[in-house]
Amino acid sequence: MKKILVAEDSATMRSLLVETVESLGGFQAIEAASGFEALRLLPREALDLIITDINMPDINGLELVSFVRQSDIYRHIPIFIVSTEGSQRDRDKGLALGANEYVVKPFDPRQLQELIVKYLP
Ligand SMILES: [Mg+2]
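Here the structure is a predicted model, which means the values were calculated and not measured.

With that out of the way, let us pick up the coordination of the magnesium ion. For a metal with four tetrahedral donors the ideal donor-metal-donor angle is 109.5 degrees, whereas six octahedral donors ideally subtend 90 or 180 degrees. Donor atoms from the polypeptide that bind the magnesium ion are Asp9 (OD), Asp53 (OD) and Asn55 (O), placed at 2.0 to 2.2 Å. Spacing between the donor residues of the magnesium ion along the chain follows D-x43-D-x1-N. Of this pair, Asp9 sits in the loop between strand S1 (2–7) and helix H1 (11–22) while Asp53 is found in the loop between strand S3 (49–52) and helix H3 (61–70), placing the two residues 44 residues apart along the sequence. Given a relative accessible area of 33%, Asp9 falls into the partly exposed group. The exposure class of Asp53 is buried, given its relative accessible area of 4%.

Have a look at this one:
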């Protein structure tokens, strides 16, 4: 079972992401309701992929990406940003910090599933 961290503060959006991840089969979603919770879960779970929102209380998604990419232990983990911030600037910032993919909300579940399988075949 591959583990995917879903960091998203909106409960509705989080359950949508969890459902998208788990309906693929073979993937378990680990939920974090904030960036801080995501950081707390990093050492506890052997994560295969991180999916993160940008706008969250405490630590935001861009800070999370930055932390993971600067860590010798976690830097190899693929990261997808899923955010309503569809502007070119946020997209560029996320990718420059080391996110692998940038998916704009409202997201197409099938497109997200295809990306997950692409990174975790
Ligand atoms: Mg949010």
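What follows covers the nonpolar core. Judged by nonpolar contacts, the single largest core of 21 residues is most densely connected at Leu5, Leu47, Ile50, Val68 and Ile81. Elements that contribute at least two residues to this core include exactly S1, strand S2 (27–32), helix H2 (35–41), H3 and strand S4 (79–83). Counting residues per element, this core draws most heavily on H3, which supplies four residues. In contact with Ile81, other than residues within four places in its own chain, are Thr52, Ile54, Leu62, Val65, Gly94, Ala99, Glu101, Tyr102 and Val103.

Moving on, we come to the UniProt feature "domain: Response regulatory" (unreviewed entry) in the protein chain. Sites flagged by UniProt as "domain: Response regulatory" (unreviewed entry) map to residues 3–120. For the annotated span residues 3–120, helix accounts for 42% and strand for 20% of the residues, and the straight-line distance between the end C-alpha atoms is 10 Å.

In this section: the pairing of S4. Most of S4 sits out of view: five of its five residues are buried. Judged by which residues are buried, S4 turns out to be covered on both faces: Ile79, Ile81 and Ser83 on one side and Phe80 and Val82 on the other are all buried. As judged from the three bridges shared by S3 and S4, these two strands associate in the parallel manner. Bridge assignment links Ile50 to a residue of S4, and that residue is Ile79. Inspection of the sheet shows S4 paired to strand S5 (residues 101–104) by four bridges, in the parallel sense. Bridge pairing in S5 places Ile81 opposite Tyr102. With respect to chirality, the unit in which S4 leads through helix H4 (residues 88–97) into the neighbouring parallel S5 is right-handed.

Calculation criteria
Residues numbered from 1 in each chain as written. Predicted model: local features only at pLDDT ≥ 70, side-chain atom pairs only at ≥ 80, totals over all residues. Heavy atoms only, no water. Donors = N, O, S within 2.8 Å, 3.2 Å for Na, K, Ca; no water. Helix = DSSP H or I, 4+ residues; strand = E, 2+ residues; numbered from the N terminus. Buried < 20%, exposed > 50% of the residue type's maximum accessible area, 1.4 Å probe, protein only. Core = buried A, V, L, I, M, F, W, Y, C linked by side-chain atoms within 4.5 Å. Contact = heavy atoms within 4.5 Å. UniProt positions renumbered as here; feature names shortened; annotations may be inferred. Pairing = 2+ DSSP bridges. Right-handed = clockwise from strand over helix to strand, strands pointing away.

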